[in-house]
Every structure is written in structure tokens, then in C-alpha cells.
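# Breakdown of the fold
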2 protein chains.
Amino acid sequence: MSAREQPVKEQRRTRQRAAVDEVLDETDDFISAQELHSILRSRGASVGLATVYRTLQALADDGRVDVLRTGGGEAAYRKCARDEHHHHLVCRSCGATVEIAGPAVERWTSSVAKEHGYVDVAHTLEIFGTCPKCAGQS
Amino acid sequence: MSAREQPVKEQRRTRQRAAVDEVLDETDDFISAQELHSILRSRGASVGLATVYRTLQALADDGRVDVLRTGGGEAAYRKCARDEHHHHLVCRSCGATVEIAGPAVERWTSSVAKEHGYVDVAHTLEIFGTCPKCAGQS
DNA sequence: CCAGTTTTTGACAATGGTTGTCAGTTTACC
DNA sequence: GGTAAACTGACAACCATTGTCAAAAACTGG
Ligand SMILES: [Zn+2]
Ligand SMILES: [Zn+2]
Ligand SMILES: [Zn+2]
Ligand SMILES: [Zn+2]
């Protein structure tokens, strides 16, 4: 969703953070904190729920993962391939995600904002749908 | 955010629904259910919080108000001027809203989705910034 | 206006995701 | 090893939102 900068404050390497990071690396879909937590449980690597939330929050703040709010209002996280600003085409049912870039949209949003005198502009854009796989099995 | 169709099921006219509708008519910014509720309280027209939520929900379902999730994850509602599908340019600081339409974006999102085989597609797009008025007085 | 039927209301409980607390544990560094 | 500082986790607390259900209001036909 957004490119990030320098900060990356001092952080210690812990078993828990490594575990969360590992799951994120292996997962291609957007997943919620709770889902990530239960994946960890099911694989034996016990990590407190609060820690999962804190870790994801930190990663998101550093721009190392993308966040989006699902229809139900929960936050979903994903470690994206590209580092530059981009958007997502997400399956409502299974979370399957396609990263998409739209230079034209970027230009349009900033020109519209400028046109109305707005500054310090940002935007959110996500496309939701049902992926081919989920559509097949009704 | 979206145009709506026929249903508009049988509903009774009640003091509470009229009160909510009135506040929406007078308010030009996006407001949350809780804010709307406290406005009603402060003006003496007592309406239960659950009723406010239900009423807004119904209005949103019928497409008579637009909804957007704020950064904090709460839903904000607004009765927009135009009835067709459109998006918003919202001031982060004061909530001032400009309705915007972008046919090109609409085409782009659906073509991208189709291209990847996704069906039953929808999208969210909001632009946030600081309006001229708020930018002037730092 | 009246009684009957159906919808709506609201106080309150319950939910569910997320964050705060804080003592005990772990890490980083000398 | 020893210490300071960061981290963890069980659990409570939050807070927006939804569910419950008996009482109240809106409609309808007479
Ligand atoms: Zn899917
Ligand atoms: Zn963009
Ligand atoms: Zn403003
Ligand atoms: Zn659109």
C-alpha cells in the first residue's frame, strides 16, 4: 500500500518475531492476526496473541508488511513482493491476492486532490472479488 | 460508494428515523454512529444507540448514505449529493468532503479484476489530504 | 376512534477484534 | 557472569457493533 522510509528502530531478535516472520514469508494471502496466531499454535511454536498483534503492528509501521481492513473490519497483513507503492486484488473468500500497480490511478488521484487545493495527499484503493478457484466450487 | 436498486422494503415512519435523517441532512462531513448519537442527545431528541446503528445500517443497505471506514476502523456515514457511484476526497483534519467521479478508474478496476478471473467485483477508493482551509492555519 | 397485527424501539447483555498491564523472561552488551 | 533495557504472555480492559426481547408505536380495516 505504501512505500516506507528510514526509521527501523532498534529491535531485538526473538524466537517469537522470527516465528511470525516465517509464517508471513510462507503465506501468500492476506491473513489476520488471529489466523496467524492459530497457525503458530497448530505448528507448536507457541506465541502469545498480544505478541502477534504487537509484532504485526511494528512490521506495518515499518512498512515491511501491507495492511488492509477486510469487509468485517478486521486488519489483514501480507508481506508483499514489491516494495514500491501498489494495490491489491483480493479474494473475499480465501484471501488470494494479486499485487497491482496503476500509474494512471496514481496520477489521477494526485491531480484531483491538487485541483481542489488539498495537500499532503494519500489514498487507499483495494479491489475485492471472488477468485477463480473459489468461484468454481459453490 | 455504490448505486442501488429496487428493493426499498416496507418501512414505517418513526420519530427516531426522522431524527437521524435530519442530522444527516444537516451534516456535510462523514460522521460515526456514536457521533450522530451524541448529537441527537445534545439536542434533546433522545434515540437509542442501537436504533441509530440500525437506522444507519438500513440507509447504507439501501444506498441512501455512503459509508467509509476511518483509519481507526470505525464506520462513518454521509448523505451524498449524487446518487451514482462515486468516491471521496476527505480532509484528514476537519472532514471536509468533495465527491469525485472517475470513469477511467472504474473501467480500470473491473478490467484488472476480469483479467485475473475474479468475479463479483467491488472496490474501495478514498483520497485523504489536508484541505486548503486547514492547510492555511498550521 | 378501536382493536388487532406487525414493526420498531431501547436498555442491556454479549461479541469480537484489539490494546493495556505488569511481573517474570530474554536479549544484547561489557 | 552480570546488568540494563527490551520483550513476552496471561489476562483484564476497551470499544464499536450486534443480539435479545418485552414494551411501545405505527399501521390497517372496520
Ligand atoms: Zn478465493
Ligand atoms: Zn496508489
Ligand atoms: Zn479541513
Ligand atoms: Zn469506483
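Refer to the structure presented above.
Just so it is clear, the structure is predicted and the values come from calculations on it, not from any experiment.

Taken together, 21 residues are adjacent to DNA strand C, and Arg12(A), Arg12(B), Thr14(B), Arg17(B) and Arg54(B) come closest. Counting only the atoms of DNA strand C within 4 Å of the protein, the fraction contributed by sugar and phosphate is 71%. At a separation of 2.3 Å, a phosphate oxygen of DNA strand C approaches a polar side-chain atom of Arg17(B). Contact between DNA strand C and Gly48(B): a phosphate oxygen at 3.0 Å from a main-chain N or O atom of the residue. Of all elements in the fold, only α3 (49–61) of chain A together with α1 (15–26) and α3 (49–61) of chain B reach the threshold of two or more residues within the surface near DNA strand C. Among the elements that take part in the surface near DNA strand C, α3(A) stands out by supplying four residues, more than any other.

Our focus in this paragraph is the interface of chain B and chain A. Between chain B and chain A, the contact holds 37 residues from the first and 36 residues from the second. Interface area, chain B with chain A, both sides summed: about 2800 Å², of which 67% is carbon and sulfur. Counting the surface chain B buries against chain A, the share from its top three residues, Trp108(B), Tyr118(B) and Ile127(B), is 23%. In this structure, the connection of chain B to chain A is made through two salt bridges. We note a salt bridge from Asp120(B) to Arg92(A), for which the minimum N-O separation is 3.3 Å. Joining chain B to chain A, the criterion identifies 10 residue pairs in polar contact (both at pLDDT 80 or more). Among the secondary structure elements, those contributing two or more residues to the side of chain B that touches chain A are β4 (87–91), β5 (97–100), α4 (103–115), β6 (119–130) and α5 (132–136) of chain B. It is β6(B) that contributes the most residues to the side of chain B that touches chain A, 12 residues altogether. A class-by-class count of the residues in the side of chain B that touches chain A yields 21 nonpolar, 12 polar and four charged. In this sheet, β6(B) lies alongside strand β6 (residues 119–130) of chain A in antiparallel orientation, the contact comprising nine bridges. When the sheet's bridge partners are listed, Val119(A) is paired in β6(B) with Thr130(B).

Quick look at the protein's contact with DNA strand D now. Surveying the vicinity of DNA strand D reveals 22 residues, the closest of which are Thr14(A), Gln16(A), Arg17(A), Arg54(A) and Tyr53(B). For DNA strand D, the fraction of protein-proximal atoms (within 4 Å) that sit in sugar or phosphate groups is 68%. One of the side-chain N or O atoms of Gln16(A) is found 2.8 Å from a sugar or linking oxygen in DNA strand D. At 2.9 Å from a phosphate oxygen of DNA strand D is found a main-chain nitrogen or oxygen belonging to Ala75(B).

The next point concerns the layout of surface pockets. Residues and elements named next belong to chain B. Considering only enclosed or pocket space, the second largest pocket measures out at about 250 Å³ in volume. As for the second largest pocket, its lining consists of 14 residues, and the residues nearest its centre are Phe30, Leu68, Thr70, Ala76 and Val90. Sorting the residues of the lining of the second largest pocket by element identifies β1 (31–32) and β4 as the ones contributing at least two each. By residue class, the composition of the lining of the second largest pocket is seven nonpolar, four polar and three charged. Each of domain 1 (1–80) and domain 2 (83–138) contributes no fewer than three residues to the lining of the second largest pocket.

What counts, and at which threshold
Residues numbered from 1 in each chain as written. Chains lettered and ligands numbered in written order. Predicted model: local features only at pLDDT ≥ 70, side-chain atom pairs only at ≥ 80, totals over all residues. Heavy atoms only, no water. Near = heavy atom within 4 Å. Polar contact = N/O pair within 3.5 Å; in protein donor to acceptor, adjacent residues only side chain to side chain. Helix = DSSP H or I, 4+ residues; strand = E, 2+ residues; numbered from the N terminus. Contact = heavy atoms within 4.5 Å. Buried area = accessible area lost by both parts, 1.4 Å probe. Salt bridge = Lys/Arg side-chain N within 4 Å of Asp/Glu carboxyl O. Nonpolar A, V, L, I, M, F, W, Y, C, P; charged D, E, K, R; others polar. Pairing = 2+ DSSP bridges. 1 Å grid on protein atoms, 1.4 Å probe; cavity = no way out; pocket = protein on both sides within 12 Å on 5 of 7 lines; lining within 4 Å. Points joined across faces, edges and corners; volume = space filled by probe spheres on them. Domains from an automatic or database assignment.

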